[in-house]
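Breakdown of the fold
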Amino acid sequence: QVQLVESGGGLVPAGGSLRLSCAASGGAFSNYAMGWFRQAPGKEREFVAVSSSHGYRTYYADSVKGRFTISRDSTKNTVYLQMNSLKPEDTAVYSCAARIDYGGTYFATSQYQYWGQGTQVTVSS
């Protein structure tokens, strides 16, 4: 059983930066694809970014491409989401998710077995 714990959310003005962390335990971290998703009030949860197993590949939603960077540190079993040039529309609860990396696509919430509790990111205008 994999446990995921996010941290690093908060309130930041537009144009600012935040780094989210997701610490994983209970599984072979390197074998998992690690994703970040977000859910704004009244909206569906949406894909933000993913790092495939071992960090071989990364993918981003078009809305965050060029502003957000996902990375992973296997020595700490932690995945990060560096968020720069934040916009008010980035306001959401951000959650990390994990699944065994069997290939295929990475963008659907249904593909992930393990989820963190989420961390609130609020960007003020």
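Notes on the structure in this doc start here. (Residues numbered from 1 in each chain as written. Predicted model: local features only at pLDDT ≥ 70, side-chain atom pairs only at ≥ 80, totals over all residues. Heavy atoms only, no water.)

With respect to the overall build of the protein chain
The number of helices and strands found in the protein chain is 0 helices and 11 strands. Taking 125 residues into account, the globule formula puts the C-alpha radius of gyration at 14 Å, and the protein chain, at 13 Å, falls close to it. Considered along the principal axes of its C-alpha atoms, the protein chain spans approximately 40 × 25 × 25 Å. Within the protein chain, buried positions represent 47% of all 125 residues. When contacts within the protein chain are restricted to residue pairs at least 6 apart in sequence, long-range pairs at least 24 apart make up 58% of them. (Helix = DSSP H or I, 4+ residues; strand = E, 2+ residues; numbered from the N terminus. Rg over C-alpha atoms; globule rule 2.2 N^0.38 Å. Buried < 20%, exposed > 50% of the residue type's maximum accessible area, 1.4 Å probe, protein only. Contact = heavy atoms within 4.5 Å.)

Regarding the state of the cysteines
By the definition in use, this model includes 1 disulfide. With a sulfur-sulfur separation of 1.9 Å, C22 is cross-linked through a disulfide to C96. Because the torsion about its S-S bond is 50 degrees, the bridge between C22 and C96 counts as right-handed. Of this pair, C22 sits in strand β3 (residues 18–25) while C96 sits in strand β9 (residues 92–100), and the two are 74 residues apart along the sequence. Pair check on accessibility: C22 and C96 agree, each one buried. (Disulfide = S-S within 2.5 Å.)

Points about the pairing of β3
In this sheet, β3 lies alongside strand β1 (residues 3–7) in antiparallel orientation, the contact comprising 5 bridges. Residue pairing in the sheet places L4 in a bridge with A24 of β3. Alignment of β3 against strand β8 (residues 78–83), held across 6 bridges, turns out to be antiparallel. The partner of L18 across the bridge, within β8, is M83. (Pairing = 2+ DSSP bridges.)

Examining the nonpolar core
Membership of the largest hydrophobic core comes to 37 residues, with the highest contact counts inside it found for L4, W36, L81, M83 and Y94. Listed by contribution, the elements that provide at least two residues to this core are β3, β4 (32–39), β5 (46–51), β7 (68–73), β8, β9 and β11 (119–124). Apart from the residues lying within four places of it in its own chain, the contact partners of Y94 are E6, L20, W36, F37, R38, V48, F68, L81, M83, G118, T119 and V121. (Core = buried A, V, L, I, M, F, W, Y, C linked by side-chain atoms within 4.5 Å.)

Describing the pattern of salt bridges
Here the idea is simple: oppositely charged side chains can pair when their charged atoms come close. Applying the stated criterion across every chain yields a total of 5 salt bridges. Measuring nitrogen to oxygen at the nearest pair gives 2.9 Å for the salt bridge that ties D90 to R38. In this pair, D90 is assigned in the loop between β8 and β9 and R38 in strand β4, connecting sequence segments 52 residues apart. Taking relative accessible area as the criterion, D90 reaches 1% and is therefore assigned buried. The partner of D62 in a salt bridge is K65, and the shortest N-O contact between them spans 3.0 Å. (Salt bridge = Lys/Arg side-chain N within 4 Å of Asp/Glu carboxyl O.)

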